Amino acid sequence: MSIMQYNGGSVIAMVGKDCVAIASDLRLGNQALGISSNFQKIFSVTDRIYLGLPGLATDVTTLRELFRYRVNMYTIKEEREIQPETFAHLVSSTLYEHRFGPYFIEPVMAGLSKTPSGSFKPFIAATDLIGCLNFAKDFVVAGTASEKLYGVAEGLWESDLEPEDLFETISQTMLNAVDRDAYSGWGVVVHVITKDKVVTRTLKGRMD
Amino acid sequence: METSFALTGNGYVIVAADTTAARSIVKMKIDEDKIKTLSSHLLMAHSGEPGDTIQFAEYVERNIRLFQIRNNYALRPSAAASWIRRSLAQSLRSRHPYAVNLLLGGYDTAEDQPHLYWIDYLGTSTEVPFGAHGYGSYFALSLLDRYHDPNATLEEGLATLRRCVDEVSKRLVVSPGKYKVKVVDKDGTREIEF
């Protein structure tokens, strides 16, 4: 069993029409033994960027603290909020710093980036554990249920979904993928990011 | 084999750990105290590699105390858990990591709430309503899923703990004989005859 599967957990992000959504399960386990059913893996970076960190749970906390520190330093030095594209590269280079002794995390990011005209453009990205970036136009997945998430998302996702429809799509994708994975589940949390608000909902899932 | 449990209730946390110190198949000691009192409202049960456990627990104890002397106030349970977790996470990627699993039970006197943190040797930390370490956890956790009540009185909490201890004694081949039980609530920490 790989160290990436030790604690279990999965994250997915999807693009909609002028909105993005990111969802994760809430399980923390020790191999097959469940420890907690309220382990958050998604964190807000700014009001319009959310970061999901599936993988080894100790590194979830460590990286969350590290990114909080680095984003705070960026905000102070630059005197402006970090943009999603910049943040994706911050994540990538932070992980690549540990190329030969990595953090066992595959981050997933979702956010809205400001265009020169003042409007917002959906942005999602994911990296592997050493920081190889993957910018996708539709959806990105990571974690122990990633294969299942690919399958369900491929079937359910369509372009230009409104926030409510995107919420339904990402929720059904997550719930159904996670039910086929023993190491993910125990509830789901979904964040839908639009230009003027973020809607966070916790979903009940199967508890087995 | 080594086992520790902890559960929260209405305004308290119960922390229990077995008292055997074993080396290989031999019991060396049967009255070892594996629950440290870190501050007036903070308890920590430690288990894992012998030597590491005591060394790390004392390191934590002294640093928590140092913070208290320097700042004239004690760390709250969540802050203490964060500091301890960070110490373990840094130790994990060092040449000689501490192999210590912890249950940190505390009473936050500022918000009048009990808190329990489950921490393992990797630096995984999560707040839980109840938790366990060791082989006993395989029996106790499912039992606690059924019987744990966050609003239970201390007597009811101790009855639930008794169920866990009895189940482990009944089903685990190498079950520990004796447990030390400590409680932390608004009045501070104390040991309970069990």
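Reading the values: rules and limits
- Residues numbered from 1 in each chain as written.
- Chains lettered and ligands numbered in written order.
- Predicted model: local features only at pLDDT ≥ 70, side-chain atom pairs only at ≥ 80, totals over all residues.
- Heavy atoms only, no water.
- Helix = DSSP H or I, 4+ residues; strand = E, 2+ residues; numbered from the N terminus.
- Rg over C-alpha atoms; globule rule 2.2 N^0.38 Å.
- Buried < 20%, exposed > 50% of the residue type's maximum accessible area, 1.4 Å probe, protein only.
- Lys, Arg positive; Asp, Glu negative; His and termini not counted.
- Charge placed at Lys NZ, Arg CZ, Asp CG, Glu CD.
- Pairing = 2+ DSSP bridges.
- Axes fitted to C-alpha atoms, helices over the stretch in contact; angles between N-to-C directions.
- Left-handed = near helix turned anticlockwise from the far one by under 90°.
- Contact = heavy atoms within 4.5 Å.
- Nonpolar A, V, L, I, M, F, W, Y, C, P; charged D, E, K, R; others polar.
- Patch = residues over 30% accessible without salt bridge, like charges linked within 9 Å, V, L, I, M, F, W, Y side chains within 5 Å.
- Areas by Shrake-Rupley, 256 points an atom, 1.4 Å probe, with all protein chains shown as cover.
- Salt bridge = Lys/Arg side-chain N within 4 Å of Asp/Glu carboxyl O.

1. Quick word on the overall build of chain B
Within chain B, the secondary structure is distributed over four helices and 12 strands. Computed over its C-alpha atoms, the radius of gyration of chain B comes to 16 Å, within 12% of the 16 Å expected for a compact globule of 194 residues. Projecting the C-alpha coordinates of chain B onto the three principal axes gives extents of approximately 45 × 40 × 25 Å. By the burial criterion, 50% of the 194 residues in chain B qualify as buried. One finds the centroid of the 23 positive side-chain charges in chain B at a distance of 5 Å from the centroid of its 24 negative side-chain charges.

2. Quick look at the sheet that holds strand S10 (residues 130-134) of chain B
Residue and element names in this part refer to chain B. Ordered in space as S10-S1-S2-S11-S12, the five strands form an open sheet in which the pairing is antiparallel. In the strand order of this sheet, the two ends are held by S10 and strand S12 (188-192), each with one partner. Neighbouring strand axes in the sheet, compared pairwise and without regard to direction, differ in orientation by 15° on average. Judged from the five bridges that link them, strand S11 (residues 179-185) and S12 form a sheet pairing that is antiparallel.

3. Considerations on the packing of helix H3 (residues 137-147) of chain B against helix H4 (residues 154-171) of chain B
Residue and element names in this part refer to chain B. Contact geometry for H3 and H4: axes closest at 9 Å, N-to-C directions at 145°. By crossing handedness, the relation of H3 to H4 is classed as right-handed. Contacts from Phe-139, Ala-140, Leu-143, Leu-144 and Tyr-147 of H3 reach H4 at Thr-160, Arg-163, Cys-164, Glu-167, Val-168 and Arg-171. Its residues assigned to classes, the contact of H3 with H4 comprises seven nonpolar, one polar and three charged.

4. A few points about a negative patch on the surface
Together, A:Asp18, A:Glu158, A:Asp160, A:Glu162, A:Glu164, A:Asp165 and A:Glu168 make up a region of like negative charge exposed at the surface. For A:Glu162, the position within the fold is in the loop between helix H3 (146-156) and helix H4 (163-178).

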